[in-house]
Amino acid sequence: MDHHDEPDRLNSVSERSPFFAYALVALGAVCMTVGDFFMKKATQTGVSIGAYFMLAWPISAALLVVLAARMGGIRHHLTPRNPNALLIRSVLLVVVAGLVFFGFRYNPYSQQVMLLQLAPLMAIALAAFWLREKIDARLLASVAVCLVGIWLIVDPRLGSGSPYLLLALAAAMINAAANVFVAAHRDKATALGFTFYAITLVAILGAVIWFAAGRVQPTGDAVLWIQLSSLCATVGLTFIASGMQSAGSSVGRVNVMLYAQMPAALILGFLFLDEIPTAAALLGAALIFTMGVSIVIWRTGTTEV
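A. Up close: the overall build of the chain. Along the chain, the regular secondary structure elements total 14 helices and zero strands. Each of the 305 residues in the chain was classed as buried or not, and the buried ones make up 47%. For the chain, restricting intrachain contacts to residue pairs at least 6 apart in sequence, the fraction spanning at least 24 positions comes to 86%. Total accessible area on the chain is roughly 15,000 Å²; 69% of this is exposed by carbon and sulfur atoms.

B. Geometry of the nonpolar core. Of all hydrophobic cores here, the largest spans 38 residues; its most connected members are Met39, Val47, Tyr52, Phe53, Val100, Phe101 and Tyr109. Going through the elements one at a time, α2 (18-44), α3 (49-70), α5 (83-106), α6 (109-116), α10 (191-212), α11 (220-245) and α13 (261-272) are the ones with two or more residues in this core. The element contributing the most residues to this core is α3, with nine residues. Those residues in contact with Phe101 that lie beyond four places of it in its chain are Met39, Thr43, Val47, Ser48, Ile49, Tyr52 and Phe53. Counting residues in each nonpolar core, the second largest holds 29 residues, with Cys146, Leu165, Leu169 and Met291 among its members.

C. The packing of α6 against α13, seen in detail. Viewed as axis vectors pointing N to C, α6 and α13 meet at an angle of 170 degrees, and their least axial separation amounts to 8 Å. The orientation of α6 relative to α13 falls into the category roughly antiparallel. Of the residues in α13, those in contact with Tyr109, Ser110, Val113 and Met114 of α6 are Gln261, Met262, Ala265, Leu266, Leu268 and Gly269. Across the contact of α6 with α13, the residue classes tally to seven nonpolar, three polar and no charged.

D. Region of interest: a nonpolar patch on the surface. Together, Ile267, Phe270, Leu271, Phe272 and Ile276 make up an exposed nonpolar region whose accessible area comes to about 580 Å². Structurally, Phe270 is set in helix α13.

E. Focus on the packing of aromatic side chains. Overall, the coordinates contain 13 aromatic pairs when judged by the stated rule. Residues Tyr106 and Tyr164 carry aromatic rings whose centres are separated by 4.4 Å and whose planes lie at 15 degrees to one another, so their mutual orientation is stacked. You can see Tyr106 sitting in helix α5 and its partner Tyr164 sitting in the loop between α8 (137-154) and α9 (165-184), a full 58 residues away along the chain. Residue Tyr106 is classed as partly exposed on the basis of its relative accessible area, which comes to 43%. Following the ring pairs from residue to residue traces out a cluster consisting of Phe37, Phe38, Phe104, Tyr109, Trp225 and Phe272.

F. View of unusual backbone geometry. Look at Arg215: it is not a glycine, yet its phi comes out positive at around 55 degrees. Looking at the secondary structure, you find Arg215 in the loop between α10 and α11. A relative accessible area of 48% places Arg215 in the partly exposed class.

About the cut-offs
- Residues numbered from 1 in each chain as written.
- Predicted model: local features only at pLDDT ≥ 70, side-chain atom pairs only at ≥ 80, totals over all residues.
- Heavy atoms only, no water.
- Helix = DSSP H or I, 4+ residues; strand = E, 2+ residues; numbered from the N terminus.
- Buried < 20%, exposed > 50% of the residue type's maximum accessible area, 1.4 Å probe, protein only.
- Contact = heavy atoms within 4.5 Å.
- Areas by Shrake-Rupley, 256 points an atom, 1.4 Å probe, with all protein chains shown as cover.
- Core = buried A, V, L, I, M, F, W, Y, C linked by side-chain atoms within 4.5 Å.
- Axes fitted to C-alpha atoms, helices over the stretch in contact; angles between N-to-C directions.
- Parallel < 35°, antiparallel > 145°, perpendicular 65-115°, else oblique.
- Nonpolar A, V, L, I, M, F, W, Y, C, P; charged D, E, K, R; others polar.
- Patch = residues over 30% accessible without salt bridge, like charges linked within 9 Å, V, L, I, M, F, W, Y side chains within 5 Å.
- Salt bridge = Lys/Arg side-chain N within 4 Å of Asp/Glu carboxyl O.
- Phe/Tyr/Trp six-rings, centres within 6.5 Å; stacked < 30°, edge-to-face > 60°.

This is how it looks when you write it as structure tokens:
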């Protein structure tokens, strides 16, 4: 089969069985959440940020290279044709990675994941300004409701969290900016290319920090959690990419399945970390979840009409 026939084959499969695309994206989202769980476990060992990002690179990089080879060729995906765009995207990921790492060190796992779910909605709002996409009353109302949700999760006076949750909020905002940047510069590199060079810069900076800080060796448990986190995150990204690729005309609605991360995080936090969010935090999460799913459905319906 010619490589040019592959997208048509995948699209025809998804038209016959759209459930397959939904299932892949949901599974990928859950894998990403499990990766975050292992990241939380790694931070609990006291591992340094430098060691974490240095040791997380090999598995992620290897899987991305394999994906590149199978999805159009390594040269197509990984040739750095626009280094400036790659550098900007990579710097944004460095900031996000640092915020997420320290967030998991200090924050309850499930509540941090709740706030990270704001990234897709924030990306839609940013795209409206940056890419001059249409702003409607539904988007503005959803943003307003999500602000209420953020307050319910973060506000220490309600006993629902701590000021460190602002790290997760900042990570969601910058991650949204990074995603919009990729959308605005999709002609500069592929998604795999952007991701590969971003994680490579994170690993390089991690190695520099690790050497400069005295090369403290992480524990065996930390190394295990780091490898599992990296593996789950990369496998999750692979499933999500495959689901999106095979979604055909349903690609917009398939995005809804990314919100599977929130209930998965609540279950993992409850079962393995003894985390029981307050009623206020759960209400805030429900508001963010509902608005995120609604916006995806509304926008997709508008696009398809």
